[in-house]
Amino acid sequence: AKEEGKNNFQFFMPTMNKQAHHRLLLENKLRNAIEKNHFQLFYQPQLDLKTGDVVGTEALIRWFDPEQGMISPAEFIPLAEDTGLIGQIGDWVIDAACRDMKALQAKGFPQVKVAINVSAFQFRHGKHLTEVIRQSLEEHDYPAKLFALELTESILIDDVNETLNILNSMRDLGITLAIDDFGTGYSSLSYLKQFPIDILKIDQSFIRDITTDASDKAIVSAIIAMAQQLDIDVLAEGVETLEHQAFLQSQGCDYVQGYLYCRPIPADELFDHWQKKQLT
Ligand code: C2E
Ligand code: CA
Ligand code: CA
Ligand code: CA
């Protein structure tokens, strides 16, 4: 029996080991990247669909590893969440977004909002999060009215009263609150009535087939109509084609974001685009 156990051990360990090993390597690399500050924020414009004006930019983190090159947030944000490292990364994002936007606007770039993504871990430490935002705004002398948070539905539902407290303290700072990936969570819509939400971002999975898929069409129309009734603005993400744009226009969508207009790019490239009048 002892022999068998030993064989099992030898049979199962290699694959388990490999996964755990990969994770550990990535975690160590991530800690090192935090220490050496191997991150950069890219920015993707958000446009007013009626005027075509840029009204905001979403900050999207990029990790540049000296050996591996760019590592996508889809790959490391989940690990950062699990390990709590997202706390430090998230604090850096807030500071960097304020600093970058302040610098851009000092050079003449329009006074548009910057939106940052917030993870569940950060929201659970809502007091800290709110305090870091307050401090970064103050330190960079960056106006609260030009700062927005993108929160997913799933991070809001845990405890309604606690969520409301955190959202209200953020709202008291004067910042904008958006719900990201709207429609993909399983939460009830009633929270929209209770929570101080300014913007719904319709998830790109609903936009992709909007011109061909009848149910996606119906869902997007319904979200826009509901938001109008609740006096909440709607932003469609993942807008890639003129057909997407035309449908959203016909439904009265307020804002758009997607590859049709611009990919996420570094702040200095965003500035160049704007200077060359490729952005209005
Ligand atoms: P998200 O917040 O839903 O961001 C939208 C993602 O869609 C971005 O991917 C963006 O580059 C991509 N995208 C933009 N326009 C289009 C389009 O027209 N078509 C398609 N197919 N995709 C488009 P990205 O930059 O790889 O970020 C992935 C996710 O990683 C984000 O999803 C967000 O959940 C997370 N993330 C990114 N930066 C941060 C951050 O600073 N903090 C946290 N907590 N999460 C972040
Ligand atoms: Ca987002
Ligand atoms: Ca999204
Ligand atoms: Ca997302």
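Quick look at the structure, then. (Residues numbered from 1 in each chain as written. Chains lettered and ligands numbered in written order. Predicted model: local features only at pLDDT ≥ 70, side-chain atom pairs only at ≥ 80, totals over all residues. Heavy atoms only, no water.)

**Examining the coordination of the calcium ion (ligand 2)**
Taken together, the protein ligands of the calcium ion (ligand 2) are Glu-58 (OE), Asn-117 (OD1), Glu-150 (OE) and Asp-180 (OD), with distances of 2.2 to 2.3 Å. Each donor residue of the calcium ion (ligand 2) belongs to the same chain, with the gaps between them written as E-x58-N-x32-E-x29-D. The distance between the calcium ion (ligand 2) and the calcium ion (ligand 3) comes to 4.4 Å, with Asp-180 serving as a donor to both metals. Residue Glu-150 is found in strand S5 (residues 147-152), and its partner Asp-180 is found in strand S6 (residues 176-182); the two are separated by 30 residues along the sequence. Accessibility classification places Glu-150 together with Asp-180 in one group, the buried group. (Donors = N, O, S within 2.8 Å, 3.2 Å for Na, K, Ca; no water. Helix = DSSP H or I, 4+ residues; strand = E, 2+ residues; numbered from the N terminus. Buried < 20%, exposed > 50% of the residue type's maximum accessible area, 1.4 Å probe, protein only.)

**A word on the coordination of the calcium ion (ligand 3)**
For the calcium ion (ligand 3), the full set of protein donor atoms is Asp-180 (OD), Asp-181 (OD), Glu-237 (OE) and Glu-237 (OE), and the range of their distances to it is 2.1 to 3.0 Å. Counting residues between consecutive donors of the calcium ion (ligand 3) along the chain gives the motif D-D-x55-E.

**A closer look at the site of ligand 1**
As a matter of local geometry, ligand 1 sits amid 21 residues, with Gln-44, Arg-62, Asn-117, Glu-240 and Tyr-259 nearest to it. Within the side chain of Gln-44, one N or O atom sits 3.0 Å away from a nitrogen atom of ligand 1. For ligand 1, whose free accessible area comes to 800 Å², the fraction covered by protein is 80%. Spatially, ligand 1 is embedded in the largest pocket. Of all the secondary structure elements, the ones that give two or more residues to the shell around ligand 1 are strand S2 (54-65), helix H2 (73-83), helix H3 (86-106) and S6. Of all the elements, S2 adds the most residues to the shell around ligand 1, at 4 residues. (Near = heavy atom within 4 Å. Polar contact = N/O pair within 3.5 Å; in protein donor to acceptor, adjacent residues only side chain to side chain. Areas by Shrake-Rupley, 256 points an atom, 1.4 Å probe, with all protein chains shown as cover. 1 Å grid on protein atoms, 1.4 Å probe; cavity = no way out; pocket = protein on both sides within 12 Å on 5 of 7 lines; lining within 4 Å. Sits in = over half its atoms within 2 Å of the grid points.)

**Describing the state of the cysteines**
Across all of its chains, the model carries 0 disulfides by this definition. Of the cysteine sulfurs around Cys-253, a residue in no disulfide, the closest is that of Cys-262, at 18 Å. (Disulfide = S-S within 2.5 Å.)

**A word on H2**
Note that an α-helix has 3.6 residues per turn; residues three or four places apart therefore point the same way. If you check which residues of H2 are buried, you get Phe-76, Leu-79 and Ala-80. All buried residues of H2 project into a common sector of 105 degrees when viewed along the axis, lining one side. H2 presents Ala-74 and Asp-82 as exposed residues on the side facing more than 90 degrees away from its buried surface. Two to three positions downstream of the cap, the backbone nitrogen of Ala-74 sits 3.0 Å from a side-chain oxygen, assigning the N-cap of H2 to Ser-72. Gly-84, located one to two residues past H2, shows a positive phi value of around 80 degrees. (Arc of directions from axis to C-beta.)

**Here's the deal with the environment of Ile-116**
Note that Ile-116 resides in strand S4 (residues 113-117). In this structure, the C-alpha to C-alpha distance between Ile-116 and Ala-178, residues 62 residues apart in sequence, is 9.8 Å. If we ignore the near neighbours within four places in the chain, the residues touching Ile-116 are Ala-59, Val-93, Ile-94, Ala-97, Phe-147, Ala-148, Leu-149 and Glu-150. (Contact = heavy atoms within 4.5 Å.)

**A look at the layout of surface pockets**
Estimates place the volume of the largest pocket at around 960 Å³. Glu-58, Leu-60, Pro-73, Asn-117 and Asp-180 are, among the 38 residues lining the largest pocket, the residues nearest its centre. Looking at the lining of the largest pocket, the elements with two or more residues in it are strand S1 (39-48), S2, H2, H3, helix H4 (120-124), S5 and S6. Residue composition of the lining of the largest pocket, grouped by class: 17 nonpolar, 12 polar and 9 charged. (Points joined across faces, edges and corners; volume = space filled by probe spheres on them. Nonpolar A, V, L, I, M, F, W, Y, C, P; charged D, E, K, R; others polar.)

**Observations regarding the pattern of salt bridges**
Per the counting criterion, the structure on display carries 11 salt bridges. A salt bridge links Glu-27 to Arg-31, with the shortest nitrogen-to-oxygen separation between them at 2.8 Å. With a gap of 4 residues between them, Glu-27 and Arg-31 both fall in helix H1 (residues 2-36), about one helical turn apart. The class of Glu-27 is buried, set by a relative accessible area of 17%. A salt bridge links Arg-99 to Asp-95; the shortest N-O distance between them is 3.4 Å. Residue Arg-99 and its partner Asp-95 are located together in helix H3, separated by 4 residues, close to a single helical turn. Beyond isolated ion pairs, a larger network of salt bridges with shared partners links Glu-58, Glu-150, Lys-201 and Glu-237. (Salt bridge = Lys/Arg side-chain N within 4 Å of Asp/Glu carboxyl O.)

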